[in-house]
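Residue-level structure breakdown
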Amino acid sequence: MSDTISAIPEIMSNARLAFEKYSRVSAGKRAVFLETIAEEIENKREALVNLANLETNLPLPRLNGEIGRTTGQLKMFANLIKEGSWVEAVIDLPDAERVPAKPDTRKMLVPLGPVIVFGASNFPFAFSTAGGDTASALASGSTVVIKGHPAHAKTSEMVFEAIQIAIKKCEIPENTVQHVPGDSHETGKALVMHPLSTAVAFTGSQAGGKALIEYARQREIPVPVYAEMSSINPVVLLPETLGSNTTSLAKTFAGSVTLGMGQFCTKPGLFFALKGENLNQFILLLLEELKLISKHKMLHEGIAQAYEKLLQHLGTQQEVSFLSDSEKFTEEMKPEAIIAKVKAESFLKNPGLSEEIFGPYALIVECEDLNELKSALKSLKGQLTATIMGTDQDFDLHADIIELQTSLAGRVILNAAPTGVEVCASMVHGGGYPSTSDEKFTSVGSSSIKRWVRPVCFQGFRNNMLPDALKNENPLGIWRIIDNKFTQKTI
Ligand code: NAP
């Protein structure tokens, strides 16, 4: 047994003990803690960005932007818990006259316990050690055990140092956040299976996500695994826009398919359009635009190899034609942007063609008519995003296609690329399986806190025994539902 695995029982027991203290820390103090983590990350910005650049091959401007997103997320959760209404306080007042007498019942969300956060390879900051999963769990009052991603192990350690400084500065209970280096699948397995872990956050491969879900199911008491796994983000190019906005469509999607070398969960991987001259022209312009894009290495050797292998396999499918003229798919971990084409009839017979290929690749599905296009959309599984490009007239004529796309995805986009996820209260970064394991939740935006809480109803409690959020005098001044009405009033 490795040293890391043998240490896990103690790590989890520390996480549980810390939870008993941290869950009682006031929301105001937790908010200052999150803001201090953001400050400490900012203090190390240059060193962090340089180290992540060495470990992940991601360019410096992108990494700098990602630090901004990460500190922004921490501050967003700080503001959310300072305001306080997120706990969804609901109060039903008693009625002694009713037969039978109606009791005093009051409900709110409370934190779950120790949460396991798996760092993601493609976001060394925003979806890793102090990323959205950690920030939302800490905001909720849960404690966190981070499983660092092996592809950016040192960056993960350095971010953890920033968190440790914030723990000391803010006098937060020791072990509220712990860090386990990622050295083998066994480490992740032991964390998920440990009886004291209460929920899991994961962003990565479908195989990895499915494995974690299975470990969680094998436990005596199963726990939720919020896994974001694979999405191909279908784009429909409606007829009028395909004819009138061909150049701008080609520019937009050349940029989106290749952004971050296609290593985004929201990369558009499938395009649906009617066959004809307009589609041919779009393809021509797209291929021209792709030639202008400069390349950099992929995140790690495994991802580059997976890209190469999946495209080689695709090349064996007779009905698929590669439109890019490159002979190789990767060279020294740098990927070629690959566009392939297939007729919708063949696409419908081959479910493998709608699997994610992580990297700068997209498949164009050429449809004979709108009925075939709709059948192709209906054949897809759950998605993070679904995009429709069209003119006003297109949208008026094809409301059924917009409806179909809406049925598929957590975020439906009109006339913009799906890459680039706004971090805000209205964001849904989630979708049906296999894009995520539970489409009722989002992993981006303030609602992502809901993954780490459970509702508790307090019945017949004396006012002074209730949590502040449910007390008669509403000391937090939050919005509550009292007898079915939203209000900030006291009782
Ligand atoms: P990954 O192989 O799924 O690994 C992600 C994390 O999960 C790592 O910490 C890994 O740690 C752990 N893990 C993976 N399989 C496990 C298992 N069976 N049991 C326990 N832990 C396990 O993802 P990746 O390295 O980031 O990239 C590989 C592929 O994932 C990509 O080619 C791409 O297809 C996909 N991906 C998708 C997204 C997305 O957002 N949709 C993002 C990133 C990657 P250890 O290796 O230490 O066990």
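Please read these numbers as outputs of a predicted model, since none were measured by experiment. (Residues numbered from 1 in each chain as written. Predicted model: local features only at pLDDT ≥ 70, side-chain atom pairs only at ≥ 80, totals over all residues. Heavy atoms only, no water.)

1. Some points on the packing of helix α14 (residues 370–378) against helix α16 (residues 399–408)
Where α14 contacts α16, the two axes come as close as 10 Å, and the packing angle between them is 10 degrees. As summarised for this structure, α14 and α16 are arranged roughly parallel, according to the angle between their axes. Taken together, the residues of α16 that come into contact with α14 (itself represented by L370, L373, K374, L377 and K378) are D400, I401, L404, Q405 and L408. Of the residues belonging to the contact of α14 with α16, the class tally is six nonpolar, one polar and three charged. (Axes fitted to C-alpha atoms, helices over the stretch in contact; angles between N-to-C directions. Helix = DSSP H or I, 4+ residues; strand = E, 2+ residues; numbered from the N terminus. Parallel < 35°, antiparallel > 145°, perpendicular 65-115°, else oblique. Contact = heavy atoms within 4.5 Å. Nonpolar A, V, L, I, M, F, W, Y, C, P; charged D, E, K, R; others polar.)

2. Here's the deal with helix α1 (residues 3–22)
In a regular helix each residue adds 1.5 Å, so 20 residues correspond to 28 Å; α1 covers 27 Å between its end C-alpha atoms and thus fits that length. Of all the bends in α1, the greatest measures close to 35 degrees and is centred on P9. (Expected span 1.5 Å × (residues − 1). Bend = angle between axes of the 7 residues up to and from the residue.)

3. Description of the packing of aromatic side chains
For the structure on display, the rule yields 11 aromatic pairs. Residues F123 and F127 carry aromatic rings whose centres are separated by 5.0 Å and whose planes lie at 50 degrees to one another, so their mutual orientation is tilted. With respect to class, F123 is no different from F127; both count as buried. With centroids separated by 5.5 Å and ring planes inclined at 55 degrees, the aromatic side chains of F123 and F264 adopt a geometry described as tilted. With F123 in the loop between β3 (115–118) and α5 (132–140) and F264 in the loop between α10 (246–258) and β9 (270–274), the pair connects residues that are 141 residues apart, well separated along the chain. On the basis of relative accessibility, which here comes to 12%, the residue F264 falls in the buried class. Taken together, the aromatic side chains of F123, F127 and F264 make up a single cluster linked through ring pairs. The ring of F123 has R62 lying over it, and the distance from NZ or CZ to the ring centre is 4.8 Å. (Phe/Tyr/Trp six-rings, centres within 6.5 Å; stacked < 30°, edge-to-face > 60°. Buried < 20%, exposed > 50% of the residue type's maximum accessible area, 1.4 Å probe, protein only. Lys NZ or Arg CZ within 6 Å of the ring centre and 35° of its normal.)

4. Describing unusual backbone geometry
Omega for the peptide link from V99 to P100 comes to -5 degrees, which places this bond in the cis form. Here P100 shows up in the loop between β1 (90–92) and β2 (105–111). A cis amide bond links Y433 to the next residue, P434, at an omega of 5 degrees. Notably, M261 is not glycine yet its phi reads approximately 55 degrees, a positive angle.

5. Topic: the site of the ligand
Near the ligand you find 24 residues, and of these S121, H185, S205, Y215 and M229 are the closest. Take H185: an N or O atom from its side chain is 2.4 Å from an oxygen atom of the ligand. H300 places a side-chain nitrogen or oxygen 3.1 Å from an oxygen atom of the ligand. Here the ligand loses 87% of its free accessible area of 870 Å² to cover by the protein chains. When residues of the shell around the ligand are traced back to their parent elements, those giving at least two are β6 (199–203) and α8 (206–218). Top contributing element to the shell around the ligand by residue count: α8, with four residues. Viewed by domain, the shell around the ligand spans two of them, domain 1 (2–229 + 439–485) and domain 2 (234–414), each represented by three or more residues. (Near = heavy atom within 4 Å. Polar contact = N/O pair within 3.5 Å; in protein donor to acceptor, adjacent residues only side chain to side chain. Areas by Shrake-Rupley, 256 points an atom, 1.4 Å probe, with all protein chains shown as cover. Domains from an automatic or database assignment.)

6. Remarks on the UniProt feature "domain: Aldehyde dehydrogenase" (unreviewed entry) in the protein chain
Under the feature "domain: Aldehyde dehydrogenase" (unreviewed entry), the UniProt entry names residues 7–422. This span, residues 7–422, is 47% helix and 17% strand, and a straight line between its end C-alpha atoms measures 38 Å. (UniProt positions renumbered as here; feature names shortened; annotations may be inferred.)

7. What to know about the pairing of strand β7 (residues 225–228)
Here β7 shows two buried faces, one formed by V225 and A227 and the other by Y226 and E228. Note: β6 against β7, four bridges, orientation parallel. Paired with V200 across the two strands is V225, which belongs to β7. Assessed by its sense of winding, the connection that carries the chain from β6 through α8 to β7 is right-handed. (Pairing = 2+ DSSP bridges. Right-handed = clockwise from strand over helix to strand, strands pointing away.)

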